[in-house]
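Okay, here's what each chain looks like letter by letter:
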Amino acid sequence: MSKLWGGRFTKQTDKLVEEYTASITFDKELAEEDVRGSLAHVAMLGKQGILPAEDVQTIEGGLKRVLERIRAGELDYSVSDEDIHMNIEKALIEDIGPVGGKLHTGRSRNDQVATDMHLYLRTRVVEFVGLLRGLQEALVGQARENLDTIVPGYTHLQRAQPILFAHHLMAYVSMFGRDIERLQDSYKRIDTLPLGAGALAGTTFPIDRHFVAEQLGFGRVYENSLDAVSDRDFILEFLSHASIIMMHLSRLSEELILWSSTEFRFVELDDAFCTGSSIMPQKKNPDVPELVRGKTGRVYGNLVGLLTVLKSLPLAYNKDMQEDKEGMFDTVKTLSGALRLFAPMIATMKVNKGQMREAVNKDFSNATDIADFLVGKGLPFRQAHEVIGKTVLYCIENGKFLLDLSIEEFRQFSELFDESIYDVLQPETVVNARNVYGGTARPQVEAAIGRAEAALAETAGWVERFEARQG
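Scope of this entry: the structure provided in the associated data block. Everything numeric in this text was worked out from a predicted model, so none of it was measured. The numbering scheme is per chain: residues are counted from 1 as the chain's sequence reads. Residues qualify for local features only when their pLDDT is at least 70, as the model is predicted, and side-chain atom pairs are given and counted only at 80 or more; totals for whole chains, interfaces and linings, by contrast, use all residues. With hydrogens and water stripped out, all remaining heavy atoms of the structure feed into the side-chain values.

With that settled, the discussion passes to helix α14 (residues 367–376). Only protein chains enter the area calculation, which uses a 1.4 Å probe; residues under 20% of their type maximum are buried, those over 50% are exposed, and those in between are partly exposed. Each helix is a run of H or I in the DSSP string that is no shorter than four residues. Each strand is a run of E no shorter than two, and both are numbered from the N terminus. For α14, the complete set of buried residues consists of Ala367, Asp369, Ile370, Ala371, Phe373 and Leu374. For this analysis, residues touch if any pair of their heavy atoms sits within 4.5 Å. Those residues of α14 that are buried are in contact with α15 (381–398), α16 (407–411), α17 (421–424) and α18 (427–432). Within two residues after α14, Gly378 carries a phi angle of roughly 105°, on the positive side.

Shown next as structure tokens:
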């Protein structure tokens, strides 16, 4: 068969041009969405009397058979047919004859491809909300198991103050919670139907765009036909959100890599999520978090790439916009793989509580509490800060930690010290002294876990509702 658009042309397309401009090698990912959109479109054509019922029935039957071939992996895609739309339309015409050519009445590939991507990304966003929820659940589970585990808290990668390990994990629960909120908010912009905008100006046929929206479960319809075919904000927004999610995963990856090293030995990742060395038999490498950390840059690149493609484009559709898909598909694959691995990796992670406690006992992260102790005795904070600085220096010079000092040694630096300082300096006391909303005291962390569990239930309900809405 010749090109479906070839009537105006007197020459065959150069083979190099076909190969260079074709998108079928990657946009075949949209095959099911393309058929789904076509089924809604042809149903509308019948409802509006644009096509007779007999033609509608024939086309619907053909599209369903094409869909079966797609799902069975039996549809052969051709570069000469350029893209997923032309490949499916040609397969339809081969199946039911020339009546298949009526399917494209009242639409353009411009609004068709935009619809496909909205359908595709709408589904993926709901999936990612569910995957993020699964990761949160794993983190909350580990937090509940570690409500009595104390670990050094860091600033500048230097030990700062002791905190509950559960508190540290819950920080990531909060991060991924914001990621969920961003995805949920973006859904309403993805959930907008472009079909019916035609090539750029609408169509002369009396179509019913809102009927199509109802058929496909869209919440609203694009107001402007030019915007409908040229808008890729919804993809940019997804790529931006995906980049932030990957950044959060990368930060957690970095900590897992550090924590599982011999120098830290705070955690041990399950063997199922690590690899070995071909030359050093003792090695156990945290390859999953390392690779997630590395792939973060790839997702950033997809965002910057599409921003660059779109920055100078006049309205409406331009061939440049074909470049919107590969980065989107790649980001979906990359993010999906990372999230599917991270949840079970966190859930099976072994926490070395004794090693964490030993680290806390051999640092000066409780020094701030001495300053607070002296302030409570009436000493101005700045003077208390100087006293503790000199006390810590004394410890360093004498190979001691704060709890190793005698009361006489303490009193070298201030007469305000008394025996109660030893209770003040205990790691549990230091942690539980920060009993403010959002703090690391056990009651606050338990409350945070409770709030997170309630949010997990709400997120599960959101996913269930929107999966049902999308069919």
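Trans is the prevailing form of peptide bonds, just as negative phi is the prevailing case for residues other than glycine. Residue Ala316 follows Leu315 across a cis peptide bond; omega there is 5°. Its place among the elements puts Ala316 in the loop between α11 (287–310) and α12 (324–347). The phi dihedral of His156 is positive, around 60°, even though this residue is not glycine.

This next bit is on helix α8 (residues 209–216). Spacing of three or four residues puts side chains on the same side of an α-helix, whose turn is 3.6 residues. Burial in α8 covers these residues: Arg209, Phe211, Val212, Ala213 and Leu216. Those residues of α8 that are buried are in contact with α3 (31–47), α6 (109–145), β3 (192–193) and β4 (220–221). Downstream of α8 by one or two residues, Gly217 has phi in the positive range, about 75°.

The subject of this paragraph is the pattern of salt bridges. Salt bridges, as used here, are contacts in which a Lys or Arg side-chain nitrogen is within 4 Å of a carboxyl oxygen on Asp or Glu. The tally for this structure, following the rule as stated, stands at 31 salt bridges. The partner of Asp208 in a salt bridge is Lys47, and the shortest N-O contact between them spans 2.9 Å. Taken together, the residues Asp208 in the loop between β3 and α8 and Lys47 in helix α3 connect sequence positions 161 residues apart. Its relative accessible area of 44% is what places Lys47 among the partly exposed residues. Residue Glu446 pairs with Arg442 through a salt bridge whose shortest N-O separation is 3.5 Å.

Remember, this is a structural readout, not a statement about activity or role.
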